[in-house]
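Architecture and fold: a report
In case you want the letters, here they are:
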Amino acid sequence: MLSDKKPEVCVLGLGYIGLPTAAIIARSGCRVLGVDVSEHVVQTIAEGRIHIEEVDLDGLVQGVVGRGMLRTSLSIEPADIFVIAVPTPFDDQHAPDISYVLQAASNIAAVVKPGDCIILESTSPVGTTEQMRDLIARLRPDLKIPGLTGDIPDIAIAYCPERVLPGRILEELTNNDRSIGGITPRCARKALGFYKRFVRGECVTTDARSAEMTKLVENAFRDVNIAFANELSIVADKMGLDVWEVIRLANRHPRVNILQPGPGVGGHCIAVDPWFIIHGAPDETPLIRTARGVNDGKIAHVLAKAGAMIEAHKPSRVACLGLAFKANIDDFRESPANKVALALAQRFGSRIAIVEPFAEQLPASYADLDSSLIDLDDAIESCDMFIVLVDHDVFKSIPLAERAGKIVYDTRGIWPDQPAASPTPGHLRLVG
Ligand code: SAJ
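Below is a summary of the structure that appears in this document. (Residues numbered from 1 in each chain as written. Predicted model: local features only at pLDDT ≥ 70, side-chain atom pairs only at ≥ 80, totals over all residues. Heavy atoms only, no water.)

1. Comments concerning the packing of helix H8 (residues 208–239) against helix H11 (residues 286–313)
With their axes 8 Å apart at the nearest point, H8 and H11 run at an angle of 40 degrees to one another. If you check the angle between H8 and H11, you find them oblique. In this structure, the crossing between H8 and H11 has a hand that is left-handed. Only Leu287, Ile288, Ala291, Arg292, Val294, Asn295, Lys298, His301 and Lys305 of H11 make contact with H8, whose side of the interface consists of Ala220, Asp223, Val224, Ile226, Ala227, Asn230, Glu231, Ser233, Ile234 and Asp237. Its residues assigned to classes, the contact of H8 with H11 comprises 9 nonpolar, 4 polar and 6 charged. (Axes fitted to C-alpha atoms, helices over the stretch in contact; angles between N-to-C directions. Helix = DSSP H or I, 4+ residues; strand = E, 2+ residues; numbered from the N terminus. Parallel < 35°, antiparallel > 145°, perpendicular 65-115°, else oblique. Left-handed = near helix turned anticlockwise from the far one by under 90°. Contact = heavy atoms within 4.5 Å. Nonpolar A, V, L, I, M, F, W, Y, C, P; charged D, E, K, R; others polar.)

Here's what the structure looks like:
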């Protein structure tokens, strides 16, 4: 049985994970203070608006702010539960930077009191939760700290990674299973009681280090599997095979499930998190490291292939379809599609047009280039070559009649009915 008294919650970091998490906790009836270092973010949310795009998030935030359940501030205040959702970037050498986590922990140390629970959600290298615990112990010698005292500790500290998919964050925040890793089993149980208030998926308890590794492993697993698909697409290209057809057929085997090739792996998670494992065990991770190389290398392959097709077919105008890092979202950061389109725009200038229904204007990196953002109808009318870089639904639904006669390079395999390009010999359309 959950106790009737709803805990006061403080969420540190109001980005793609922190804001939806804060809003969902507020919707469950807890009063939430959201803290961020950006005045713009704090102010925007305080007005019931949002600074990021995510399905249904605007209405939810407007509602919880309007009812006074979610407030925002630049500075921390006492609470019963602290949830840390700050960035953990890596540097040029791919070494993880946990300074934002430690800064958040030291801010919490200033206000934490006996009975409180501190939960880290940021993707973190193994051992980060313990480092955070050690920092709090140094800053608050008056408190009995879990794992460092023989007595019952005053506070609980746990790691519980988010695992939501951009574009489905609210649904997955509620319905996905969660791994909750405590510094001690008692810490895990305390965090479990909190997550059960708003998570419908199963919450499984473990230790903090296992939970940290679980998160990294999930994304590394996906990276390795996408790398397999991307490598296959390059092999199929060399052999003149249709990689999509090969994957479709292979996936009819009951124990084979190959993922989809594309122009590379983008986003802020799958291309980043495997490095946290590699950094922790550099000599033991040849497979994970190679997968990173294959996925990053796919961008150059697509670029070379697209350039060769343009040189061979001499289209008057080429439409690059999509800039986002994946389908149906407006996030262009770390996007292979954007990297390919930008490089083509630099090389071919005004012959390259960009179609991106999720953009109102081209990113700043296109400022000095002659390429333009055009709408899809325009592209269908004026472009004689299409390079599919993102599998947005709106692109998938273009009927064959509107693509007939176009030269097509479909890096996402969204148009299985597209006839192979001619007159260049080979299987140009078939390249993944
Ligand atoms: N991609 C492919 N082929 C595929 C699947 C994906 O090329 O078959 C590409 C996408 O186009 C994109 C990239 O991979 O560029 C990543 O997309 P994604 O949809 O696989 O994942 P993300 O980055 O949006 O979210 C991932 C998810 N992790 C897993 O599926 C294991 C999500 O659950 C995590 O919460 C999120 O990372 C995170 O925050 O860590």
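Text resumes after the structure shown.
2. Focus on the sheet that holds strand S10 (residues 352–355)
Spatially, the 5 strands line up as an open sheet ordered S11-S10-S9-S12-S13, and their pairing is parallel. Each edge of the open sheet carries a strand with a single partner, namely strand S11 (372–373) and strand S13 (407–410). With 4 bridges joining them, strand S12 (residues 385–388) and S13 adopt parallel strand pairing. The residue of S13 that forms the bridge with Met385 is Ile407. Where H11 meets the sheet, its contacts fall on strand S9 (318–321), S10, S12 and S13, and the angle it forms with S13 comes to roughly 175 degrees. (Pairing = 2+ DSSP bridges.)

3. Regarding the site of the ligand
Close to the ligand lie 21 residues; Val164, Lys215, Arg222, Gln260 and Phe325 are nearest. The backbone of Arg163 places a nitrogen or oxygen atom 2.9 Å from an oxygen atom of the ligand. For the ligand, a nitrogen atom lies 2.7 Å from a polar atom in the backbone of Gln260. Protein chains bury 89% of the 770 Å² of accessible surface belonging to the ligand in isolation. Looking at the shell around the ligand, the element that brings in the most residues is H8, giving 5 residues. Composition of the shell around the ligand by domain shows at least three residues from each of domain 1 (9–208) and domain 2 (241–431). (Near = heavy atom within 4 Å. Polar contact = N/O pair within 3.5 Å; in protein donor to acceptor, adjacent residues only side chain to side chain. Areas by Shrake-Rupley, 256 points an atom, 1.4 Å probe, with all protein chains shown as cover. Domains from an automatic or database assignment.)

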